[in-house]
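Architecture and fold: a report
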Protein chains: 2
Amino acid sequence: MQKYFVNPNNFYNDYSEVIIDKDDSFHIVKVMRMRVGDEVLVSDNQDSYLTKIKVLDEKGVILEVIEKQENSSELPLKVSIAQGLVRKDKMEEVLSKITALGANCYIPVNMERSNIKIKEEKKDRQLKIIKEASEQSMRNKLMELSSIISFKDLLKLKTNYDVCLFASTKASLDNPNLKQVLKNKDIKSILVVVGPEGGISPKEEELMEKANFLPITLGPRILRTELAPIYIMSAISYETELG
Amino acid sequence: MQKYFVNPNNFYNDYSEVIIDKDDSFHIVKVMRMRVGDEVLVSDNQDSYLTKIKVLDEKGVILEVIEKQENSSELPLKVSIAQGLVRKDKMEEVLSKITALGANCYIPVNMERSNIKIKEEKKDRQLKIIKEASEQSMRNKLMELSSIISFKDLLKLKTNYDVCLFASTKASLDNPNLKQVLKNKDIKSILVVVGPEGGISPKEEELMEKANFLPITLGPRILRTELAPIYIMSAISYETELG
């Protein structure tokens with residue numbers, strides 16, 4: 001079934017009806033070619049609702065809420081991925097994939113070896129990618145996208161999370177940090193830092209260790225920076241969501 | 001350090017020297033701009049060797065073997081990913097990423113909902129992608145690439161593996177198949193089947209269950225067909241390789 005994220009303000013009549021914005025109305029009418037009575041899932045970025053199409057004309061689409069969905073498709077813990085700035089196409093790939101894998105937030109970081117010095121970009125395109133990946137993967141919530149931050153500000157984020165990790169090629173395969181963190185049910189929020197294409201510099205590793213960020217390994221092979229966040233999110237889902 | 005896969009026949013003098021083929025010589029000389037004495041890793045698709053450049057001229061590059069590498073970067077079990085035929089660009093993305101994650105073999109399968117009816121393609125481009133991903137990720141072995149097979153032949157592969165699994169959107173989150181298989185140290189070879197873009201058909205699921213393929217879930221969100229194999233390989237690495 002098709003899913004759409006809708007601003008909570010679009011719900012009315014005590015959450016019994018919801019009006020769909022222009023772009024998604026176009027998608028429902030022209031792309032999906034749906035009709036009155038067809039079922040659609042919507043999320044207000046908190047909960048998901050099963051609805052059916054009540055009105056469908058040139059001006060827009062109105063849905064009638066049938067019921068709130070009970071099962072959540074959100075990870076049992078909040079995971080933020082911080083990544084050294086990478087090329088736009090790689091960042092977009094990571095955004096799409098870690099959204100589908102349930103990440104809570106993506107934080108681009110200006111790191112020593114980020115070979116790209118971009119100023120704050122217009123986020124419209126990235127937010128659209130996140131919305132589409134959230135809809136396609138049937139999430140309840142949209143992933144958040146942070147502004148670009150400095151490495152110094154990254155270190156300060158320690159206070160916002162139960163635990164902070166960083167992917168280190170120097171960490172031994174016997175390093176138990178990732179499994180220990182994921183098996184600890186008391187940990188509800190994790191930040192994982194991944195380097196840019198050139199990796200995390202030795203100085204940055206040292207500063208993170210001093211700030212109580214724990215090094216983790218992602219196995220014996222070298223993973224490209226766009227693959228590392230996907231590995232991490234898959235491992236977290238496997239450990240915390242599968243029976 | 002840069003790594004290159006070399007045909008075992010290129011080794012000579014009792015494996016003390018190795019001659020590099022034209023393409024890789026070009027890469028060493030023109031792209032990497034290396035010099036005599038620089039160190040290079042090579043693999044004969046079995047073991048990896050630390051070497052240094054002995055001769056480097058227009059005709060080619062000769063390396064002197066310093067020592068065999070003791071640590072393997074191969075997964076402790078052999079994993080084949082079988083996937084319903086997908087678009088060429090998606091297949092290439094999957095080939096590159098699951099190679100870096102340690103997969104042993106990729107098997108494209110003609111399935112009911114494969115919306116692409118291609119005949120056997122020239123494999124040169126795919127094999128090049130696999131070689132590059134194997135080198136970049138520092139593997140000891142190249143991933144194997146199967147020819148396109150029929151769904152009927154896929155079912156017959158059961159005899160080649162200790163266990164065969166398929167990603168099913170109908171499998172419950174409590175389904176323990178994947179974790180049980182990965183925690184069982186006696187299992188040395190796994191085949192995992194992933195559907196094409198339209199998914200595995202109900203009839204195909206039924207036939208696989210009859211052939212003793214076990215359904216597994218990949219979490220509560222819907223993963224695109226190009227993301228599912230990456231999730232599976234990441235979960236396998238996490239479970240079997242990390243301390």
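Residues numbered from 1 in each chain as written. Chains lettered and ligands numbered in written order. Predicted model: local features only at pLDDT ≥ 70, side-chain atom pairs only at ≥ 80, totals over all residues. Heavy atoms only, no water.

**Topic: the overall build of chain A**
A count of helices and strands for chain A gives seven helices and 13 strands. Summarising its shape, the C-alpha atoms of chain A cover approximately 60 × 40 × 30 Å along the three principal directions. A buried classification covers 55% of the 243 residues belonging to chain A. For chain A, restricting intrachain contacts to residue pairs at least 6 apart in sequence, the fraction spanning at least 24 positions comes to 74%. (Helix = DSSP H or I, 4+ residues; strand = E, 2+ residues; numbered from the N terminus. Buried < 20%, exposed > 50% of the residue type's maximum accessible area, 1.4 Å probe, protein only. Contact = heavy atoms within 4.5 Å.)

**Quick word on the domain arrangement of chain A**
Residue and element names in this part refer to chain A. Domain annotation for chain A reports domain 1 (3-68) and domain 2 (78-241). Look at where the C-alpha atoms of domain 1 and domain 2 centre, and you get two points 33 Å apart. Contacts between the two partners involve 10 residues from domain 1, matched on the other side by eight residues from domain 2. With both sides pooled, the region where domain 1 packs onto domain 2 buries about 800 Å², and carbon together with sulfur makes up 50% of that total. Of all residues in domain 1, Lys-3, Phe-5 and Asn-45 bury the most surface against domain 2, accounting for 67% of the area lost on that side. Linking domain 1 to domain 2 there are one salt bridge. One salt bridge connects Asp-24 with Lys-131, and the closest N-O pair in it is separated by 2.9 Å. Put simply, the parts of the chain that give the side of domain 1 that touches domain 2 at least two residues each are β1 (3-5) and β4 (39-43). In terms of residues, the side of domain 1 that touches domain 2 owes the most to one element, β1, which gives three residues. (Domains from an automatic or database assignment. Buried area = accessible area lost by both parts, 1.4 Å probe. Salt bridge = Lys/Arg side-chain N within 4 Å of Asp/Glu carboxyl O.)

**Remarks on the pairing of strand β4 (residues 39-43) of chain B**
All names here are of chain B. In terms of burial, β4 is largely enclosed, as four of its five residues are buried. Summarising the sheet, strand β1 (residues 3-5) and β4 pair through three bridges and their orientation is parallel. Bridge assignment links Lys-3 to a residue of β4, and that residue is Leu-41. Sheet topology places β4 next to strand β5 (residues 48-57); five bridges connect them, and they run antiparallel. Following the sheet pairing, Ser-43 is matched in β5 by Ser-48. Hairpin geometry of β4 and β5 is characterised by an intervening segment of four residues between the two adjacent antiparallel strands and by a positive phi of about 75 degrees at Asn-45. (Pairing = 2+ DSSP bridges.)

**Examining the confidence of the model for chain A**
In this model, chain A carries a mean pLDDT of 95, and residues with pLDDT of at least 70 account for 98%. Across the interfaces of the predicted complex, the ipTM metric reaches 0.94, alongside a pTM of 0.95. (pLDDT = per-residue confidence, 0-100.)

**Side note on the packing of helix α2 (residues 88-100) of chain A against helix α7 (residues 228-241) of chain A**
All names here are of chain A. Their axes nearest at 9 Å, the elements α2 and α7 cross at an angle of 5 degrees. One finds that α2 runs roughly parallel with respect to α7. Note on element contacts: α7 touches α2 through Pro-229, Ile-230 and Met-233, opposite Val-94, Lys-97 and Ile-98. (Axes fitted to C-alpha atoms, helices over the stretch in contact; angles between N-to-C directions. Parallel < 35°, antiparallel > 145°, perpendicular 65-115°, else oblique.)

**A word on the environment of Ala-228 of chain A**
Residues and elements named next belong to chain A. Relative to the helices and strands, Ala-228 is located in helix α7. Spatially, the C-alpha atoms of Ala-228 and Asp-14 are 44 Å apart, while their sequence positions differ by 214 residues. Setting aside residues up to four positions removed in sequence, Ala-228 forms contacts with Val-194, Leu-218 and Leu-223.

**What about a nonpolar patch on the surface?**
A cluster of nonpolar residues, Phe-26, Val-31 and Met-32 of chain A, forms a patch on the protein surface that exposes about 280 Å² of accessible area. Mapping Met-32 of chain A onto the fold places it in the loop between α1 (22-31) and β4. (Patch = residues over 30% accessible without salt bridge, like charges linked within 9 Å, V, L, I, M, F, W, Y side chains within 5 Å. Areas by Shrake-Rupley, 256 points an atom, 1.4 Å probe, with all protein chains shown as cover.)

**Details of the nonpolar core**
Counting residues in hydrophobic clusters, the biggest one holds 83 residues, and the most contacted among them are Tyr-106 and Ile-190 of chain A together with Tyr-106 and Ile-190 of chain B. Not counting chain neighbours up to four residues away, the residues in contact with Tyr-106 of chain B comprise Ile-81, Gln-83, Val-86, Met-91, Val-94, Leu-95, Ile-98, Met-143, Glu-144, Leu-145 and Ser-146 of chain B. Ile-107, Phe-151, Cys-164 and Met-208 of chain A belong to the second-largest nonpolar core, a separate cluster that totals 18 residues. (Core = buried A, V, L, I, M, F, W, Y, C linked by side-chain atoms within 4.5 Å.)

**Quick word on unusual backbone geometry**
For Asn-13 of chain A, which is not glycine, the phi dihedral falls at a positive 50 degrees. Tracing the chain through its elements places Asn-13 of chain A in the loop between β2 (11-12) and β3 (17-20). Even without being a glycine, Asn-212 of chain B presents a positive backbone phi close to 65 degrees. Relative to the elements of secondary structure, Asn-212 of chain B occurs in the loop between α6 (202-210) and β13 (214-216). Using a relative accessible area of 53% as the deciding quantity, one classes Asn-212 of chain B as exposed.

**Regarding α2 of chain A**
Residue and element names in this part refer to chain A. Its 13 residues give α2 an end-to-end C-alpha distance of 19 Å, which sits within 8% of 18 Å, the value for a rise of 1.5 Å per residue. Burial within α2 is extensive, with 10 of its 13 residues counted as buried. The complete set of buried residues in α2 reads Lys-90, Met-91, Glu-92, Glu-93, Val-94, Leu-95, Lys-97, Ile-98, Thr-99 and Ala-100. Just downstream of α2, Gly-102 is the residue with a positive phi angle, here 95 degrees. (Expected span 1.5 Å × (residues − 1).)

**Some points on the interface of chain A and chain B**
Across the contact, 40 residues belong to chain A and 40 residues belong to chain B. Three residues, Lys-179, Arg-221 and Tyr-238 of chain A, lead the burial of chain A against chain B; their summed loss comes to 24% of the area buried on that side. Applying the counting rule to chain A against chain B returns four salt bridges. The residue Glu-93 of chain B makes a salt bridge to Lys-97 of chain A at a minimum N-O spacing of 2.5 Å. Those elements giving two or more residues to the side of chain A that touches chain B turn out to be α2, α5 (177-183) and α7 of chain A. The element contributing the most residues to the side of chain A that touches chain B is α7 of chain A, with eight residues.

**Structural notes on the state of the cysteines**
Residues and elements named next belong to chain A. The full count for this structure, using the stated rule, is zero disulfides over all chains. Take Cys-105: it sits in no disulfide, and the sulfur closest to it among the cysteines is that of Cys-164, at 12 Å. A relative accessible area of 0% means that Cys-164 is categorised as buried. (Disulfide = S-S within 2.5 Å.)

**So, the packing of aromatic side chains**
Counting across every chain of the model gives seven aromatic pairs over all chains. Look at Tyr-15 of chain A and Tyr-49 of chain A: their rings are 5.6 Å apart centre to centre, the planes differ by 55 degrees, and that puts the pair in the tilted class. Placement of Tyr-15 of chain A in the loop between β2 and β3 and of Tyr-49 of chain A in strand β5 (residues 48-57) is noted, with a sequence separation of 34 residues between them. For the pair Tyr-238 of chain A and Tyr-238 of chain B, a centre-to-centre distance of 6.2 Å together with 75 degrees between the ring planes defines the contact as edge-to-face. (Phe/Tyr/Trp six-rings, centres within 6.5 Å; stacked < 30°, edge-to-face > 60°.)

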